[in-house]
Amino acid sequence: MKKILAIVAMAAMVAGAAFADPEANVAITTFAGRAGTEWGVDLDSDDVGTGFKNYASVDFVISLFDAGSKQTEGEGIWAELSVDAGNNNSWNHYAANTWGGSGDITTENSFSLNIGTAKLHFYNFYVGLLSGDTTVGKLQLTNAVRSSDNDNGTWLSAVGEDKSQGLVFGYGDNKNIGIAFDFRSKASGDNYYTNDYGLAGEFNLLDSNEFLPGLFATVGGSFAFNEKVLGAAASAGYKLAIDDTFYVKPVAGWTMQATAGDDFTVTKNAIAAGLFLGWGDTADANAGVYYLDNDNAKKVTPGVGVSALIDVTDSDAIAVTISPSLYTGSIVENLTAAVYSDIVVPTTDGAELGFGIAGGVKYAIAATDSVTVTPQAGVRYATAGLNSKGSALITANNTNNAGKNDTDNADTKGLFNVKVGLDVSGLINNTTFKVWWQSRNLLDEGNNIGTINVGCEIAL
């Protein structure tokens, strides 16, 4: 053991830096703003209320240094350490609803300083020294809206008790398989000597494997000694390329958590599956159409698919959610369309079908070489009290006019909104003229026809 440790120490001393250090490089990377005026008519007020609204905002991003990293390198028995540094700090200034007002200034610090890897390598085996976890089974599915590399796309949450401090023992060839076993404990504040231990293990078949490229799978389990909590999970999927553009991606997974004390009690038991026909890569953006133009709609992947979650924890009250989605991306020139829907299937006596849908479409028409006319429309509907995976997206408030929200009384009455508009750009440089009508909740009591608005926005 001493000889091995001496070899490892020597390898760490002689290993060089594999990547460039961060370098000071002050540069303004974003300096942009927008300002506009809107005038609208409230069709539901007794005296036909009208009024103006002004808005303005400035985005300013300054990069202070170029990103960089430093990493030891070696082979056989050696110590790996990587240090990474991000590269910018950004400020966003908003002067909302006023011309030249003080507004609000928000600062977002996007420095990224972290230890990426700390491992002792013994050929293809390794011991990891960073904090981690003892949970397994988190599964994200690719969807057209709310896609897989964002928490919006998480369909199965991790199971098992989470212990973060400790070691991971693993094997991996970086191409075919990866095996990892975590042995960790849980701290209590500043007290790390808690005798609170847990184990977790996972086997991964990588999608880059040489056996059947595109096939990926994970099997894992965990156990917390003090709590006597057991977690188990399995998932598999396959990305099949149809041609250079289109692909099919089916994925399925299962998670279970149980207390293994005097009685074996299952506390979580769920299955998720998805089938996706795609024609593009996932983007860190929303769909850009009415009702799917906010952060709840991130991220988007051009394609069409359906995902489903079946929670069988309580056999007398099985919960089933099915979520179809569509995002056209750029497959049809000048056309953008997107739809997200949740269907909550009733499985018990007296339960009712839950249904929600939000979607929009727009089409950019080149009226002249410089002028573009973009008609667009959107609609959303939800049954009363919809409580589903994407209900926060479907029922998110968009506007508040005269003290009334688009979603007032959606919990008891249901929700139905319509929005239709037209944008014209290019008549004047950097300027967009807008006109739109949007309803309030058409299922609510009273007048809910909504508002008609016109606006002008200058942006750079």
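Residues numbered from 1 in each chain as written. Predicted model: local features only at pLDDT ≥ 70, side-chain atom pairs only at ≥ 80, totals over all residues. Heavy atoms only, no water.

The next thing to look at is the overall build of the protein chain. Scanning the protein chain from N- to C-terminus turns up three helices and 29 strands. Split into buried and exposed, the 460 residues of the protein chain put 37% on the buried side. (Helix = DSSP H or I, 4+ residues; strand = E, 2+ residues; numbered from the N terminus. Buried < 20%, exposed > 50% of the residue type's maximum accessible area, 1.4 Å probe, protein only.)

Before going further, it helps to spend a moment on the pairing of strand S4 (residues 77-85). Summarising the sheet, strand S3 (residues 68-71) and S4 pair through four bridges and their orientation is antiparallel. Counterpart to glycine 68 in the pairing with S4 is alanine 85. Where S3 folds back onto S4 in an antiparallel hairpin, the turn is made up of five residues, including glycine 76, whose phi is positive at roughly 75°. Looking at chain direction, S4 and strand S7 (residues 113-122) are connected through nine bridges and run antiparallel. For isoleucine 77, the partnering residue across the bridge sits in S7 and is phenylalanine 122. (Pairing = 2+ DSSP bridges.)

Another point: the packing of aromatic side chains. For the coordinates displayed, the defined rule picks out seven aromatic pairs. Seen in terms of ring centroids, phenylalanine 355 and tyrosine 381 are 6.2 Å apart; in terms of plane orientation they differ by 40°. Their pairing is tilted. One end of the pair, phenylalanine 355, is in strand S22 (residues 354-363); the other, tyrosine 381, is in strand S24 (residues 372-382), and 26 residues separate them in sequence. Within the aromatic cluster, the residues linked to one another by ring pairs are Phe355, Tyr381 and Phe416. It is lysine 239 that lies over the ring of tyrosine 247; its NZ or CZ is 4.4 Å from the centre. (Phe/Tyr/Trp six-rings, centres within 6.5 Å; stacked < 30°, edge-to-face > 60°. Lys NZ or Arg CZ within 6 Å of the ring centre and 35° of its normal.)

Further remarks concern a nonpolar patch on the surface. Taken together, Trp39, Leu43, Phe52, Leu422, Val435, Ile449, Ile452 and Val454 make up a surface patch of nonpolar side chains, about 670 Å² in accessible area. Its place among the elements puts valine 435 in strand S28 (residues 431-438). (Patch = residues over 30% accessible without salt bridge, like charges linked within 9 Å, V, L, I, M, F, W, Y side chains within 5 Å. Areas by Shrake-Rupley, 256 points an atom, 1.4 Å probe, with all protein chains shown as cover. Salt bridge = Lys/Arg side-chain N within 4 Å of Asp/Glu carboxyl O.)

Locating aspartate 423 in the fold gives a position in strand S27 (residues 415-425). In this structure the side chain of aspartate 423 is engaged in a polar contact, spanning 3.2 Å, whose partner is the side chain of glutamine 376. Those residues in contact with aspartate 423, other than ones at most four positions away along the chain, are Thr372, Val373, Thr374, Gln376, Thr432, Phe433 and Lys434. (Polar contact = N/O pair within 3.5 Å; in protein donor to acceptor, adjacent residues only side chain to side chain. Contact = heavy atoms within 4.5 Å.)

Here the focus is the environment of proline 213. Inspection of the secondary structure assignment puts proline 213 in the loop between strand S13 (197-205) and strand S14 (215-224). Using a relative accessible area of 53% as the deciding quantity, one classes proline 213 as exposed. Along the chain, proline 213 and asparagine 176 lie 37 residues apart, while their C-alpha atoms are 9.2 Å from each other. The contact partners of proline 213, leaving out residues within four places of it in the chain, are Asp207 and Tyr238.

On to the nonpolar core, then. Core analysis: the biggest nonpolar cluster contains 22 residues, and Val145, Ala287, Leu292 and Ala338 have the highest contact counts within it. Elements supplying a minimum of two residues to this core: strand S21 (335-345) and helix H2 (391-394). Contacts of alanine 287, omitting those with residues within four sequence positions, involve Leu292, Val300, Tyr327, Thr336 and Ala338. With seven residues, the next largest nonpolar core counts Leu139, Leu141, Leu156 and Val251 among its residues. (Core = buried A, V, L, I, M, F, W, Y, C linked by side-chain atoms within 4.5 Å.)

Let us now look at the environment of glycine 303. Tracing the sequence through the fold places glycine 303 in strand S19 (residues 303-311). Counting along the chain gives 57 residues from glycine 303 to phenylalanine 246, while the straight-line C-alpha distance between them is 8.8 Å. Here glycine 303 is in contact with Ala144, Phe276, Leu277, Gly278, Trp279, Ser325, Leu326 and Tyr327, once residues within four sequence places are set aside.

Using the criterion set out here, one finds 12 salt bridges in the structure. Taken together, the shared-partner salt bridges connect Arg34, Lys434 and Glu457 into one network.

Of the pockets and cavities examined, the largest pocket occupies roughly 920 Å³. In terms of lining, the largest pocket is formed by 35 residues, of which the most central are Glu38, Thr399, Lys419, Trp436 and Gln438. The set of elements that each furnish at least two residues to the lining of the largest pocket consists of strand S1 (23-42), strand S2 (50-66), strand S25 (400-401), S27, S28 and strand S29 (451-459). Looking at the lining of the largest pocket residue by residue, the class counts come to 10 nonpolar, 15 polar and 10 charged. (1 Å grid on protein atoms, 1.4 Å probe; cavity = no way out; pocket = protein on both sides within 12 Å on 5 of 7 lines; lining within 4 Å. Points joined across faces, edges and corners; volume = space filled by probe spheres on them. Nonpolar A, V, L, I, M, F, W, Y, C, P; charged D, E, K, R; others polar.)

The pairing of strand S11 (residues 165-172) with strand S12 (residues 177-185) spans eight bridges and is classified as antiparallel. Looking at the pairing, glycine 170 lines up with alanine 180 of S12. What sits between the antiparallel neighbours S11 and S12 is a turn of four residues, in which asparagine 174 has the positive phi angle 65°. In the sheet, S12 pairs with S13 via nine bridges, with the strands oriented antiparallel. Note on S13: the bridge partner recorded for isoleucine 177 is leucine 205.

Distances and angles like these do not, on their own, reveal function.
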